[in-house]
2 protein chains.
Amino acid sequence: MKYKATTIKDIAKALNLSTSTVSRALRDSHEISAATKQTVLEYAAKLNFQPNPIALSLKERKSHSIGVIVAEIANSFFSQIINGIESVANEKGYTVIISQSHENFEKEVRTLQYLASRSIDGLLISVSSATNDLQHLKSMYQSGLPIVFFDRTVEEIQTHKVMVDNYQGAYNATLHLLEQGFRRIACVANSEHLSITKERVGGYMAALQQYKIEPDPTLIKYCFHGGMLLEEVELAVKELLAVKPRPTAIFATSDKLTTGCMRVLKKHKIAVPAAMALTGFSNSELIHLLHAPITVVQQPAYEMGQVATELLLQLIESKRPVKDFKTKMLQTKLVFPEK
Amino acid sequence: MKYKATTIKDIAKALNLSTSTVSRALRDSHEISAATKQTVLEYAAKLNFQPNPIALSLKERKSHSIGVIVAEIANSFFSQIINGIESVANEKGYTVIISQSHENFEKEVRTLQYLASRSIDGLLISVSSATNDLQHLKSMYQSGLPIVFFDRTVEEIQTHKVMVDNYQGAYNATLHLLEQGFRRIACVANSEHLSITKERVGGYMAALQQYKIEPDPTLIKYCFHGGMLLEEVELAVKELLAVKPRPTAIFATSDKLTTGCMRVLKKHKIAVPAAMALTGFSNSELIHLLHAPITVVQQPAYEMGQVATELLLQLIESKRPVKDFKTKMLQTKLVFPEK
DNA sequence: TTGAAAGCGCTAACAT
DNA sequence: ATGTTAGCGCTTTCAA
């Protein structure tokens, strides 16, 4: 029951030309007379002719689509990144296919296979918190799929990468707590596998050391599912509350963990910041409306999406194999509560 | 620099068969010997053969992709709907292409054209708050594109529709305010064009009338941009605050408006609910963490996405033109603050 | 300057 | 049961 679009053939027939001539006219070739070109163009415009992208793809062996894998789109940070990705991709004529790993390794592998089966021309990925084995990405990469990592990058694969200065962001946030007088500062971190976790925990520890405080391993809790399961955050916070002497502040290394901690603290009726201060990474637009106004590390998510996409399209459209890979590092911003 | 995938031809050559035989083996045709089928299947599996979806699309004149247009993905309500859409679509082998109108009419028109140019097999849409003219949708529909409307539907186009019982949801929320003793209840509504606006304002008025309160038109404010511009919400709230006697409660008809009102009230240091009660539609997962715990009308967004997609795929895959169109109405839930 | 023909990967009607 | 061929819509040699 689908409408049959006009093809180059229809135009050729109507104008008594060959399909190649019509094609040339539309592609603005030089080997064609101005008059013929004119006729074809006018007729095509009248019929609102649109070249069939699928036929084009088949011919060019390019789908003009790129795949994106994030943990979940219902997360301000990722949805802002996606907006940045789309702004660049659409402008360059690429379709964006968005998939979610839900912080699940098997889902990530399956979703990558799915994207590959849809013939994506390239991939943008922020790996899931459960991803440790990189075989699925390595084999795709080796078979020629251009990949750009953003946010959560991986060491083992040599390609373009875009992230924020996680170390500095975490350092700033922790320093802010220290400057406010907190000394027992705990850290609720994402999965230990992730690049961002190592970098952010590193920044946290550096700030402590700056204040001559020896980082206490019992104050660092890792959440394998990145906060997708509230229970794991609850467990982490509970354990922290049991540590003696009790920590007085928490630094959470991701959006989901920041709001997760908030949720748990509220549930246990622990006032923020009176009984427990809280700060963390977050790009939520509702952050200033939360019952406890907290300071957060904000990432230039939109920009990160744009930069990553530009790099990917460069890879895709490059004639020769690219060997010079860039790692772009953007700056975070410490955002204080609106008074 | 893209990897060249194995094709049916490669297999045929290697096995000394014709492409049609290989094709038949892979498609599990009956007109083929078990032995040959076996050989082909094994070889194909070894090479990890994946049929080229683009070639298939060209052949079948189907892209196996569906377009989705929502106001913005960085909105819990919509991202939950998208999750529902993807769950059904992917299972049935369809790719979902997500686009955002950002509540802008021109963007919606452009994005629809873009989707059409990508040969989508069908469209799921919640129209933008700025959409009044439906020509773009009508002409697509008339030329044969299957469309299912969800959330914000339109009267003029006869097709499947999925939404919640907006009237009842609004009625319940307003009634809740009335039961708490509020009598001067204002309404901050979305664009007047939208189906959801009419229905929700209708439910709001019905609840008032139930309490023998004559709805006061000066207490109803419409936001053309659906709250995308905080200024319009601020203006609405300011105007409401100037009305004498001043309203004591606000019912907001959408997610963006509910949080928008909250933001404005906070900015103007108006305590919620002491100085102004607030309730409204919202699917935000952070709603219970807000500084003022509010009651909200929650929609079964995930389910809405699933139902809409099932209906759309039905339309797409139907052999004969469908004439019997369904309008599915789901129920909302009034969610109270966690104590 | 234009047309004819091949080919991208696959399926299916038509031979054999 | 298997092969040959045409064709989906388009671009691009190669001929004229």
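Keep in mind the model is a prediction, meaning the values are calculated, not measured. (Residues numbered from 1 in each chain as written. Chains lettered and ligands numbered in written order. Predicted model: local features only at pLDDT ≥ 70, side-chain atom pairs only at ≥ 80, totals over all residues. Heavy atoms only, no water.)

Student: Would you mind going over the sheet that holds strand 8 (residues 249-252) of chain B in detail, with residue names and values included?
Tutor: Think of a sheet as strands paired side by side through backbone hydrogen bonds, with each pair either parallel or antiparallel. All names here are of chain B. With respect to topology, 6 strands assemble into an open sheet ordered 7-6-8-9-10-12, the strand pairing being mixed. Only two strands of the sheet have a single neighbouring strand rather than two, namely strand 7 (220-222) and strand 12 (333-335). Within the sheet, the average angular offset between the axes of one strand and its neighbour, ignoring direction, is 15°. As paired strands, strand 6 (residues 185-189) and strand 7 are joined by 3 bridges and run parallel to one another. Bridging from a neighbouring strand, Ala-189 pairs with Tyr-222 of strand 7. (Pairing = 2+ DSSP bridges. Helix = DSSP H or I, 4+ residues; strand = E, 2+ residues; numbered from the N terminus. Axes fitted to C-alpha atoms, helices over the stretch in contact; angles between N-to-C directions.)

Student: How would you sum up the interface of chain B and chain A? Please name residues and give values.
Tutor: Much of the literature gives interface size as the accessible area that the parts lose upon coming together. Taken together, the contact pairs 56 residues of chain B with 56 residues of chain A. Note on chain B versus chain A: buried area summed over both sides is about 4900 Å², and carbon and sulfur give 56% of it. Applying the counting rule to chain B against chain A returns 20 residue pairs in polar contact (both at pLDDT 80 or more). Counting residues per element, the ones that place at least two in the side of chain B that touches chain A are helix 4 (53-60), helix 5 (76-91), strand 2 (95-100), helix 6 (105-117) and helix 11 (255-267) of chain B. Tallied by class, residues from the side of chain B that touches chain A come to 22 nonpolar, 21 polar and 13 charged. (Contact = heavy atoms within 4.5 Å. Buried area = accessible area lost by both parts, 1.4 Å probe. Polar contact = N/O pair within 3.5 Å; in protein donor to acceptor, adjacent residues only side chain to side chain. Nonpolar A, V, L, I, M, F, W, Y, C, P; charged D, E, K, R; others polar.)

Student: How would you explain the sheet that holds strand 4 (residues 147-150) of chain A if you had to name every residue and give the values?
Tutor: All names here are of chain A. Taking strand neighbours across the sheet as the criterion, the 6 strands line up as 2-1-3-4-5-11 in an open arrangement whose pairing is parallel. The open sheet terminates on both sides in strands that have one partner only, identified here as strand 2 (95-100) and strand 11 (327-330). Strand after strand, the sheet turns through a mean of 15° between neighbouring axes, direction not considered. For strand 1 (residues 65-70) and strand 3 (residues 122-125), the ladder comprises 4 bridges, and the chain directions are parallel. Looking at strand 3, one finds that Gly-67 is bridged to Leu-123.

Student: So what's going on with the pairing of strand 4 (residues 147-150) of chain B? Residues and values would help.
Tutor: Each regular strand carries side chains that alternate between the two faces of the sheet. Residue and element names in this part refer to chain B. Side chains of strand 4 alternate between two faces, with Ile-147 and Phe-149 and Val-148 and Phe-150 buried alike. This β-α-β element, strand 3 (residues 122-125) to helix 7 (residues 135-142) to strand 4, shows right-handed connectivity. With 2 bridges joining them, strand 4 and strand 5 (residues 161-164) adopt parallel strand pairing. Directly across from Phe-150, in strand 5, lies its bridge partner Val-162. (Buried < 20%, exposed > 50% of the residue type's maximum accessible area, 1.4 Å probe, protein only. Right-handed = clockwise from strand over helix to strand, strands pointing away.)

Student: Which residues make up the relation of the copies chain B and chain A, and what values go with them?
Tutor: If you rotate chain B by 180° and push it 0.0 Å along the axis, it lands on chain A with an RMSD of 0.1 Å. Classification of the inter-copy transformation places it as that of a two-fold axis. Measuring from the rotation axis to each C-alpha of chain B, the shortest distance belongs to His-291 of chain B, at 1.5 Å. Comparing interface residues between copies, 100% of those in chain B also lie at the interface in chain A; the contact surface is shared. (Least-squares fit on C-alpha atoms with pLDDT ≥ 70 in both.)

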